[in-house]
Amino acid sequence: MSEFTAITEEEFRRLCEFIYRRTGMVFTEAKRYYIERRLVERMSIAGSVSFASYFTRLRTDVDREIERLINAVTVNETYFYREDYQLRCMTNDLLADRLKHKARGETIRIWSVPCSTGEEPFSIAIWLLENWRLVDQYDIEIVGSDIDTTVMEKAHAGVFGKRALMRLTDDLVRRYFEPQGAEIWKIIEELRESVLFTPVNIVDPVETRQHGRFDIIFCRNVLIYFDDASRRVAAENLYENLMPGGFICLGHTESMSRISPLFSVRRFTDAIVYQKATGGPA
Amino acid sequence: MPLIRKSSTSPLPLLSGKDDVLRALFEGHAEERWAAARAAGGVAGGVKALGAALCLERDVRVREAILTSLTRMASPDAVEAVLPMMRAEIAAWRTGAIDALRAMQQAAWPYLPQLLADPDADVRLLACEIARTLPGEKATALLCGLIEGESEANVCASAIEVLAEVGTAEALPALERCAARFQGTRFLEFSIKVTGERIRSQTAGLA
Amino acid sequence: MSDRKMRVMVVDDAALVRLFYRETLGKAGFIVDEALNGLEALEKVLSEAPDLLIVDVNMPQMDGITFIKTLRRQEPPMAGIPVLIASTEAGPQDFAAAREAGANFYLVKPIDPDRLLAFAAMMCGVAA
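Computed from a predicted model, the values in this text were never measured in an experiment.

Trainee: Looking at this structure, I do not really get the interface of chain A and chain B. What am I missing?
Mentor: How large an interface is tends to be reported as the accessible area lost when its parts come together. Every contact between the two is made by 54 residues of chain A and, on the other side, 44 residues of chain B. For the pair chain A and chain B, the summed buried area comes to about 4400 Å², and 53% of that belongs to carbon and sulfur atoms. Summed over the shared surface of chain A and chain B, the result is seven salt bridges. Our enumeration of links across chain A and chain B arrives at 21 residue pairs in polar contact (both at pLDDT 80 or more).

Here is the structure:
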């Protein structure tokens with residue numbers, strides 16, 4: 001592996017501007033050392049001998065380099081109760097808002113997409129059971145979807161390791177999981193059976209339309225990987241999949257406002273979320 | 001257990017059929033026009049209809065859907081449907097068109113030389129953005145060609161903005177000459193300095 | 001003069017323009033936040049609460065004039081944030097449109113840094 005000098009100030013700025021325009025992620029001077037290290041790793045793996053050639057590769061997204069770079073610089077580990085401020089927002093504000101528009105006995109539908117290995121949809125389930133005081137008064141349908149069927153199979157199997165459960169109290173682990181051996185737990189059958197897992201490509205309206213409309217969609221940390229056109233189509237598709245007045249939550253570095261004019265921004269105590277207009281035909 | 005699982009759900013209705021789509025595109029209310037704009041890419045005569053709708057549609061969301069459909073098609077017809085919007089009265093219509101043309105990449109490239117030579121300075125200014133997706137050498141050649149003959153400071157600024165990202169060493173002489181012509185215009189001096197530094201620093205790296 | 005640093009949000013889709021603002025205003029002691037279109041700016045204003053906004057007119061998704069009109073319809077204090085428009089257009093109808101929308105000042109591009117600083121200082125209520 002050849003040695004690289006650190007990139008220059010100007011090269012770093014050029015990279016940051018490109019990433020900001022492309023994904024909305026802001027890289028600041030404060031994170032420069034962190035980013036440079038990972039950039040050098042990527043340059044090495046990609047076989048780029050200079051920043052200029054790497055940047056050309058990045059700009060033209062050769063071999064999905066943008067996705068690879070984003071993965072290298074973000075913490076994309078999935079675990080239970082990740083970004084729980086949004087779960088809090090759901091039980092504190094979003095559900096109350098949705099109930100105003102729902103008939104008695106009408107099911108509440110929540111979509112976790114991408115669901116990856118299942119931590120998110122199961123987190124939603126456990127959080128609701130633990131924190132929503134009205135949870136016994138409504139039927140709640142949770143759907144988890146992903147384009148990657150391998151991870152979805154894992155999600156459906158419901159088996160997790162210690163890191164995935166690290167933010168859960170011992171009490172929650174005891175009540176909702178069964179130990180399977182050394183530092184492996186399986187989510188209890190009742191919960192495992194209650195989440196529906198389906199494959200979906202959110203850029204394909206034919207696939208997204210199959211899922212019907214939801215009250216709340218969690219679509220975290222996937223839109224940043226798309227190019228502009230695909231991102232806009234995905235936003236349109238997800239808009240269609242919301243009930244009027246429904247909410248969509250993105251990852252904390254993401255902003256729907258820069259992607260699409262379709263949604264209104266709603267600022268709640270715990271989170272900023274995006275809402276489809278109420279009223280009018282859907 | 002309040003959590004329930006349904007094995008299937010009714011899919012959302014899909015607008016289809018050429019006549020229905022095209023009628024809804026022009027005569028429906030906003031949500032219908034939006035759905036029709038999304039579907040129009042898939043019906044015969046869709047591109048022409050989308051181009052016509054683009055000249056009339058005032059709803060921001062429907063406009064976005066029209067442009068997204070055209071962008072996905074990325075054909076010469078789709079490019080030509082969007083081009084007239086570069087001359088629209090409303091600023092957001094012009095910039096929306098540029099976003100779409102930039103996203104259409106290769107399909108829009110053949111039109112660049114004539115856009116960069118357009119008698120209207122606003123068109124030249126906007127057209128620079130489209131060069132952003134070109135390979136560095138081609139973008140540099142086109143944008144430097146523009147800069148050399150350009151008398152409008154803001155058009156030069158727009159070209160330099162793109163060169164800051166994609167410019168190669170070939171741009172340096174043209175940038176120097178531009179700085180000399182616009183001496184005293186401090187924003188341009190700044191842009192040229194930054195862009196020059198970026199280009200020079202990349203060629204000074206390890207070979 | 002207040003000890004608190006003044007916060008300026010600059011809204012422009014051109015990276016070099018934002019960099020120019022950041023350097024010019026940053027050296028003068030302002031904290032500079034950025035957005036690249038009007039929609040993103042509206043969202044960021046909710047969390048960043050700037051003392052001043054500098055807004056381009058020609059942006060995708062939502063142009064500067066529409067942005068100001070939307071901003072002025074919000075609740076205070078958001079509705080009252082001073083706005084400086086920066087635009088390539090220099091006709092009387094452009095100035096009038098900006099004024100009607102609720103802009104406080106208008107600068108014609110290419111921006112002169114001294115005028116920028118003078119206006120920013122004035123609108124933030126600090127000595128230039």
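Trainee: Looking at this model, I keep getting lost on the interface of chain A and chain C. Mind explaining?
Mentor: Counting residues at the interface gives 15 residues for chain A, matched by 16 residues for chain C. Roughly 1300 Å² of surface becomes buried between chain A and chain C when both sides are summed, with 51% attributable to carbon and sulfur atoms. Of all residues in chain A, the largest losses of buried area upon contact with chain C belong to Glu17(A), Tyr20(A) and Arg258(A), amounting jointly to 38% of the total for that side. Counting the contacts that link chain A with chain C gives seven residue pairs in polar contact (both at pLDDT 80 or more). Secondary-structure elements contributing two or more residues to the side of chain A that touches chain C are α1 (9–23), β9 (264–267) and β10 (272–275) of chain A. In terms of residue count, the dominant contributor to the side of chain A that touches chain C is α1(A) (four residues). Looking at side-chain class alone, the side of chain A that touches chain C contains seven nonpolar, three polar and five charged residues.

Trainee: I tried to follow the layout of surface pockets on my own but got confused; where do I start?
Mentor: To find leftover empty space, one rolls a probe the size of a water molecule over the atoms. In this structure, the largest pocket encloses a volume near 1300 Å³. In terms of lining, the largest pocket is formed by 45 residues, of which the most central are Asn71(A), Arg220(A), Asn221(A), Val222(A) and Tyr225(A). Every element with two or more residues in the lining of the largest pocket is listed here: α4 (65–73) and α6 (119–131) of chain A. No other element matches α4(A), which puts four residues into the lining of the largest pocket. Across the lining of the largest pocket, the residue classes break down as 21 nonpolar, 10 polar and 14 charged. Approximately 750 Å³ is the volume found for the second largest pocket. For the second largest pocket, the lining is made up of 33 residues, of which Pro261(A), Leu39(C), Leu42(C), Met62(C) and Thr70(C) are closest to its centre. Contributing elements (two or more residues each) for the lining of the second largest pocket: β9 and β10 of chain A, α4 (60–73) and α6 (91–103) of chain B together with α2 (38–48) and α3 (64–72) of chain C. Examining the composition of the lining of the second largest pocket, we find that five residues originate from one element, α4(B), more than from any other. Counted by class, the lining of the second largest pocket contains 17 nonpolar, nine polar and seven charged residues.

Trainee: Mind showing me how you'd approach the packing of α1(A) against helix α10 (residues 153–166) of chain B here?
Mentor: To describe two helices that pack against each other, one gives the angle between their axes and the distance between the axes. Direction vectors running N to C along α1(A) and α10(B) enclose 110°, while the axes themselves pass 9 Å from each other. Between α1(A) and α10(B), the angle is such that the two are roughly perpendicular. On the side of α1(A), the interface is formed by Arg14(A), Phe18(A) and Arg21(A), while α10(B) contributes Leu163(B), Ala164(B) and Glu165(B). Considered class by class, the residues forming the contact of α1(A) with α10(B) number three nonpolar, no polar and three charged.

Trainee: Would you explain the nonpolar core in this entry?
Mentor: Side chains of nonpolar character tend, in soluble globular proteins, to be buried together. If you look at the biggest cluster of nonpolar residues, it comprises 124 residues, and the most contacted ones within it are Leu223(A), Ile248(A), Leu101(B), Leu25(C) and Ile54(C). With 10 residues, the single largest contributor to this core is α10(B). Residue contributions to this core reach at least three from each of two domains, namely domain 1 (15–107) and domain 2 (108–207) of chain B. Setting aside anything within four residues of it in sequence, one finds Leu223(A) in contact with Ile202(A), Arg231(A), Ala234(A), Leu250(A), Glu254(A), Met256(A) and Ile259(A). Judged by nonpolar contacts, the second largest core, of 47 residues, contains Ile142(A), Phe160(A), Tyr176(A) and Leu3(B).

Trainee: Teacher, can you tell me more about the pattern of salt bridges here?
Mentor: Charged atoms that come close allow side chains of opposite charge to pair. On inspection of all chains with the given rule, the structure shows 56 salt bridges over all chains. The salt bridge partner of Glu65(A) is Arg57(A), with a shortest N-O separation of 3.6 Å. Taken as a pair, Glu65(A) and Arg57(A) share a single burial class, namely buried. Between Arg132(B) and Glu129(B) there is a salt bridge, with its nearest N and O atoms 2.7 Å apart. A relative accessible area of 5% means that Arg132(B) is categorised as buried. Glu129(B) sits in the buried class, given a relative accessible area of 15%. Among the ionic contacts, a cluster of salt bridges with common partners joins Glu9(A), Glu10(A), Arg13(A), Glu17(A), Arg32(A), Glu36(A), Arg198(B) and Glu23(C).

Trainee: I keep staring at the sheet that holds strand β4 (residues 83–87) of chain C and nothing clicks. Help me out?
Mentor: All names here are of chain C. One open sheet holds the five strands; their spatial order is β2-β1-β3-β4-β5, and the pairing between them is parallel. With one partner strand each, in any of the chains shown, β2 (31–35) and β5 (105–108) form the two edges of the open sheet. Ignoring strand direction, the axes of neighbouring strands in this sheet form an average angle of 20°. Relative to β5, β4 runs parallel, the two being bridged by four bridges. Paired with Ala 86 across the bridge in β5 is Leu 107. Docked against the sheet, helix α1 (residues 15–27) engages β1 (7–11), β2, β3 (52–56) and β4, running at close to 165° with respect to β2.

Trainee: Would you mind showing me how to read helix α9 (residues 136–148) of chain B here?
Mentor: Side chains three or four residues apart in an α-helix point the same way, a direct result of the helix having 3.6 residues per turn. All names here are of chain B. The end-to-end C-alpha separation of α9 is 18 Å, in line with the 18 Å expected for 13 residues at 1.5 Å each. Restricting attention to buried positions, one finds in α9 the residues Gly 136, Ala 139, Thr 140, Leu 143, Cys 144, Leu 146 and Ile 147. Along the long axis of α9, the arc covered by the buried residues comes to 155°, so they all point the same way. Across from the buried face of α9, at angles greater than 90 degrees, the exposed residues are Glu 137, Lys 138 and Ala 141.

Rules of the game
- Residues numbered from 1 in each chain as written.
- Chains lettered and ligands numbered in written order.
- Predicted model: local features only at pLDDT ≥ 70, side-chain atom pairs only at ≥ 80, totals over all residues.
- Heavy atoms only, no water.
- Contact = heavy atoms within 4.5 Å.
- Buried area = accessible area lost by both parts, 1.4 Å probe.
- Salt bridge = Lys/Arg side-chain N within 4 Å of Asp/Glu carboxyl O.
- Polar contact = N/O pair within 3.5 Å; in protein donor to acceptor, adjacent residues only side chain to side chain.
- Helix = DSSP H or I, 4+ residues; strand = E, 2+ residues; numbered from the N terminus.
- Nonpolar A, V, L, I, M, F, W, Y, C, P; charged D, E, K, R; others polar.
- 1 Å grid on protein atoms, 1.4 Å probe; cavity = no way out; pocket = protein on both sides within 12 Å on 5 of 7 lines; lining within 4 Å.
- Points joined across faces, edges and corners; volume = space filled by probe spheres on them.
- Axes fitted to C-alpha atoms, helices over the stretch in contact; angles between N-to-C directions.
- Parallel < 35°, antiparallel > 145°, perpendicular 65-115°, else oblique.
- Core = buried A, V, L, I, M, F, W, Y, C linked by side-chain atoms within 4.5 Å.
- Buried < 20%, exposed > 50% of the residue type's maximum accessible area, 1.4 Å probe, protein only.
- Domains from an automatic or database assignment.
- Pairing = 2+ DSSP bridges.
- Expected span 1.5 Å × (residues − 1).
- Arc of directions from axis to C-beta.

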